[in-house]
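Below are the chains, spelled out letter by letter.
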Amino acid sequence: MSTPAATPTWRLVEPPRADRLDAPEAWAYHGVAALERAVGLADLGHDDLAPRAVDLLVGDRHQEHARTHRLAAVDGETSHGAPRVVGHGELVLPVSDNRHLAVVRIAVLPSHRGRGIGSAIADRLRRVALTECRTTVFAEVELAHEPPDGAPDALAPREGPGRVSADLPGMRFARRAGLGLEIVARRSVLDVPLPDDVVDEVVAGAAARAGDAYRLHTWQGPAPESWVEQVAALEHSLSEDEPNGGLALEPERWDGRRVRVEEAKRAERGMTLLVTAAEHVPTGTLAGMTILEWADDRPELTEQESTVVLAAHRGHRLGLLLKAVNLREHTRLRPAARRISTWNNETNAPMLAINVALGFRPAGGSAELQAPLADVVPLSRG
Ligand SMILES: CC(C)(COP(=O)(O)OP(=O)(O)OC[C@H]1O[C@@H](n2cnc3c(N)ncnc32)[C@H](O)[C@@H]1OP(=O)(O)O)[C@@H](O)C(=O)NCCC(=O)NCCS
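Treat the numbers as computed from the prediction; the structure is a model and nothing was measured. By convention here, each chain's residues receive numbers from 1 onward along its written sequence. Residue-level local features of this predicted model are given only where pLDDT is at least 70; pairs of side-chain atoms are given and counted only at 80 or more, and the full residue set underlies all totals for whole chains, interfaces and linings. Side-chain numbers come from the whole structure's heavy atoms, not from hydrogens or water.

### Details of the overall build of the protein chain
Okay, so step 1: The secondary structure content of the protein chain amounts to nine helices and 14 strands.
Okay, so step 2: Counting only C-alpha atoms and orienting by the principal axes, one finds that the protein chain spans roughly 85 × 50 × 40 Å.
Okay, so step 3: Classification of the 382 residues of the protein chain by burial places 50% in the buried group.
Okay, so step 4: Each accessible area is a Shrake-Rupley result for a 1.4 Å probe, and residues are judged covered by the shown protein chains and nothing else. Accessible area of the protein chain: about 18,000 Å², with a carbon and sulfur share of 53%.
Okay, so step 5: Note that His is not counted, nor are the chain ends; the positive residues are Lys and Arg, and the negative ones are Asp and Glu. Charge placement uses NZ in Lys and CZ in Arg. For Asp and Glu, CG and CD serve respectively. Computed over 44 positive and 54 negative side-chain charges, the inter-centroid distance for the protein chain is 4 Å. A helix here means a DSSP run of H or I that spans at least four residues, while a strand means a run of E at least two residues long, and both kinds are numbered starting from the N terminus. Summary of the burial criterion: residues with accessible area below 20% of their type's maximum are buried, those above 50% are exposed, and those between are partly exposed, where the area comes from a 1.4 Å probe applied to protein chains only.

### Re the sheet that holds strand E3 (residues 83–94)
Okay, so step 1: Two strands make a pair as long as DSSP finds a minimum of two bridges between them. Here we have 12 strands laid out as an open sheet, ordered E1-E2-E3-E4-E5-E14-E8-E13-E12-E11-E10-E9, and mixed in their pairing. Among the strands making up the open sheet, the edge pair consists of strand E1 (11–13) and strand E9 (214–220). Neighbour-to-neighbour, the strand axes of this sheet turn through a mean angle of 25°, independent of strand direction.
Okay, so step 2: We call two residues in contact whenever any of their non-hydrogen atoms come within 4.5 Å of each other. For helices, the fitted line uses only the C-alpha atoms of the stretch in contact; every axis is such a line through C-alpha atoms, and the angle between N-to-C directions lies from 0 to 180 degrees. Taken strand by strand, helix H4 (residues 169–176) contacts strand E4 (101–108), strand E5 (136–143) and strand E14 (361–372), and its axis lies near 15° from that of E14.

### Observations concerning the site of the ligand
Okay, so step 1: For this purpose, a residue is taken to be near a molecule or strand whenever a single non-hydrogen atom of the residue falls within 4 Å of it. Around the ligand, the structure places 19 residues, and the nearest of them are Ile106, Val108, Gly116, Gly118 and Ser119.
Okay, so step 2: We call two N or O atoms a polar contact when they sit within 3.5 Å, provided that within protein one can donate a hydrogen and the other can accept it, with sequence-adjacent residues counted only if both atoms are side-chain atoms. Measuring from an oxygen atom of the ligand, one finds a side-chain N or O atom of Arg172 at 2.8 Å.
Okay, so step 3: Considered on its own, the ligand offers 920 Å² of accessible surface; in the complex 78% of this is hidden by protein.
Okay, so step 4: Elements that contribute at least two residues to the shell around the ligand include exactly E4, helix H3 (117–131), E5 and H4.

### With respect to empty space enclosed by the protein
One water molecule sets the probe size; rolling that probe over the atoms shows where empty space is left.
Okay, so step 1: Cavities and pockets are found on a 1 Å grid laid over the protein atoms alone: a cavity is a set of points where a 1.4 Å probe fits but cannot escape, a pocket is an open set with protein on both sides within 12 Å along at least five of seven lines, and a lining residue has an atom within 4 Å of such a point. Grid points are joined across faces, edges and corners, and a volume is the space filled by probe spheres set on the points. By the definition in use, this model includes one cavity of 30 Å³ or more.
Okay, so step 2: The wall of the largest cavity is formed by 14 residues, among which Val231, Glu235, Val259, Glu263 and Ile291 lie closest to the centre.
Okay, so step 3: At four residues, helix H7 (residues 256–268) tops the list of elements feeding residues into the lining of the largest cavity.

### A few points about the nonpolar core
Nonpolar side chains tend to gather and get buried jointly when the protein is soluble and globular.
Okay, so step 1: To define a nonpolar core, start from buried Ala, Val, Leu, Ile, Met, Phe, Trp, Tyr and Cys residues and group those joined through side-chain atoms within 4.5 Å. Core analysis: the largest hydrophobic core is formed by 57 residues, its most contacted members being Leu179, Ala367 and Leu369.
Okay, so step 2: If one sorts the elements of this core by residue count, helix H1 (residues 27–43) sits on top with seven residues.
Okay, so step 3: With sequence-adjacent residues up to four places away left out, Ala367 is seen in contact with Ala139, Glu140, Val141, Leu143, Val164, Met171, Leu181 and Ile183.

### Observations concerning the domain arrangement of the protein chain
Okay, so step 1: The split of the chain into domains comes from an automatic or database domain assignment. Taken as a whole, the protein chain is organised into domain 1 (11–185 + 368–375) and domain 2 (193–337).
Okay, so step 2: Inter-centroid distance (C-alpha atoms) of domain 1 to domain 2 is 28 Å.
Okay, so step 3: Listed per partner, the contact involves 24 residues of domain 1 and 21 residues of domain 2.
Okay, so step 4: Two parts lose some accessible area (1.4 Å probe) when they are put together, and adding that loss for both gives the buried area. At the boundary of domain 1 with domain 2, total buried surface from both sides reaches about 2,000 Å², with 52% on carbon and sulfur atoms.
Okay, so step 5: In terms of surface lost to domain 2, no three residues of domain 1 exceed Arg52, His65 and Asp97, which account for 28% of the buried area on that side.
Okay, so step 6: When a carboxyl oxygen of Asp or Glu lies within 4 Å of a side-chain nitrogen of Lys or Arg, that pair is called a salt bridge. The tally of links from domain 1 across to domain 2 stands at four salt bridges.
Okay, so step 7: The salt bridge partner of Asp297 is Arg52, with a shortest N-O separation of 3.0 Å.
Okay, so step 8: Where domain 1 packs against domain 2, one counts 13 residue pairs in polar contact (both at pLDDT 80 or more).
Okay, so step 9: Sorting the residues of the side of domain 1 that touches domain 2 by element identifies helix H2 (53–61), E5, strand E8 (180–191) and E14 as the ones contributing at least two each.
Okay, so step 10: No other element matches the four residues that H2 contributes to the side of domain 1 that touches domain 2.

### Looking at unusual backbone geometry
Okay, so step 1: For the peptide bond that leads from Val192 to Pro193, omega is 5°, which places it in the cis range.
Okay, so step 2: Tracing the chain through its elements places Pro193 in the loop between E8 and helix H5 (196–210).
Okay, so step 3: Of note, Cys133 is a non-glycine position whose phi angle comes to about 60°, a positive value.
Okay, so step 4: Considering the arrangement of structural elements, one finds Cys133 in the loop between H3 and E5.
Okay, so step 5: For Arg317, which is not glycine, the phi dihedral falls at a positive 65°.
Okay, so step 6: Judged by relative accessible area, Arg317 falls into the partly exposed class, the value being 40%.

### Considering helix H9 (residues 349–358)
Residue pairs spaced three or four apart in an α-helix point in one direction, given the helix's 3.6 residues per turn.
Okay, so step 1: Where H9 is concerned, the buried positions are Met351, Leu352, Ile354, Asn355 and Leu358. Along the axis of H9, the buried residues cluster in a sector spanning 160°; they form a single face. Turned more than 90 degrees away from the buried face of H9, the exposed residues are Pro350 and Ala357.
Okay, so step 2: Against E8, H5, strand E12 (301–309), helix H8 (318–333) and strand E13 (339–345) lie the buried residues of H9.
Okay, so step 3: Positive backbone phi, approximately 105°, marks Gly359, located one or two places after H9. The reported arc concerns the directions from the helix axis to the C-beta atoms and nothing else.

### As for the layout of surface pockets
Okay, so step 1: In this structure, the second largest pocket occupies an estimated 290 Å³ of space.
Okay, so step 2: What lines the second largest pocket is a set of 16 residues, and nearest its centre among them are Trp27, His30, Gly31, Thr78 and Pro83.
Okay, so step 3: Secondary structure elements with two or more residues in the lining of the second largest pocket: H1 and E3.
Okay, so step 4: Counting residues per element, the lining of the second largest pocket draws most heavily on H1, at five residues.
Okay, so step 5: For the lining of the second largest pocket, the class distribution of residues is 11 nonpolar, four polar and one charged. Each residue receives one of three labels: charged for Asp, Glu, Lys and Arg, nonpolar for Ala, Val, Leu, Ile, Met, Phe, Trp, Tyr, Cys and Pro, and polar for the others, Gly being one of them.

Here you go:
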């Protein structure tokens, strides 16, 4: 006689949205943040990538350019009497552009894996994406490190360098759902502060190559009103030019209003933004920019965000110059920071070369996965 399968103790819920973190209905933001910290520590050995509760709340509050759907798998209660989040799913649906995309994130506490929670979440999100008429699914699986050369389970992406272990739980899961590995993204970390003379030397060398045609501007927080439309143009150009392999991404639509929304979101998340931009003096237009950002409740960590130089201005060492000048200002403002982390597609050789020249070292990465939604297969058993 076969033993009947144990009745699951977990259930899937659509958690309420809250406007404040101290509201009782904000339990899912706290629960998902705690879950993501635990998943990061278990799978990657650090929680640098885990969203904080405030990041999730602000993401839900701002639906101007992307809508979010959340699911929580809950099992029992926390010591505060709130539902205990053991798994979560997030579906991001861009609305200003890329309206074909459904971007999925699923994570389950290591203690609760292998019980069908991830599969149940994936199937529910798949149905939402179908209802929303999306046609392409994106997902990422983060890696602590790439497998060594010649490892038997190493998977190669459809385009570009980099390898991913096929045996990671996230890779087994995503491939079973029908997603393919398009490209690998590298995470790199720079240990800071760099000695002043090292940065000064990089700045001097790059400035000599860039010449007098460019003038640098650095600001903290929102862009000066006179530059905001040009910052939008740079963001658009970044989305158009970044080498993304075969990922079905279309260029993003940016205007000054969208820049202001992104700045407001960062401010609401308690993030400080440090931007250095290069003005092309003869035309009075911005030729490029780079952004660093940080949260004060993560005193050791700074994120290197977008860096872009317009095609007409490449080849003058502006990318290196912008980054080095922003780094120098960052050291002045934030001497206690210990690491700056950044992401680059392995297909983006020019940006990787700049980061390596500045001293960034590989620190894991992510598998960038994609499939037509019509090809995604339901995973739940029975
Ligand atoms: C990927 C991840 C979400 C899977 O969550 P999960 O709840 O363990 O998923 P499931 O239980 O549905 O499936 C996992 C395994 O359990 C098996 N399984 C599914 N239902 C089961 C059940 N009822 N009983 C026993 N095993 C089951 C699956 O076949 C699968 O087996 P395999 O990995 O050996 O091929 C989880 O490992 C995770 O959080 N990883 C880190 C984040 C990540 O990489 N996310 C994926 C990209 S969005």
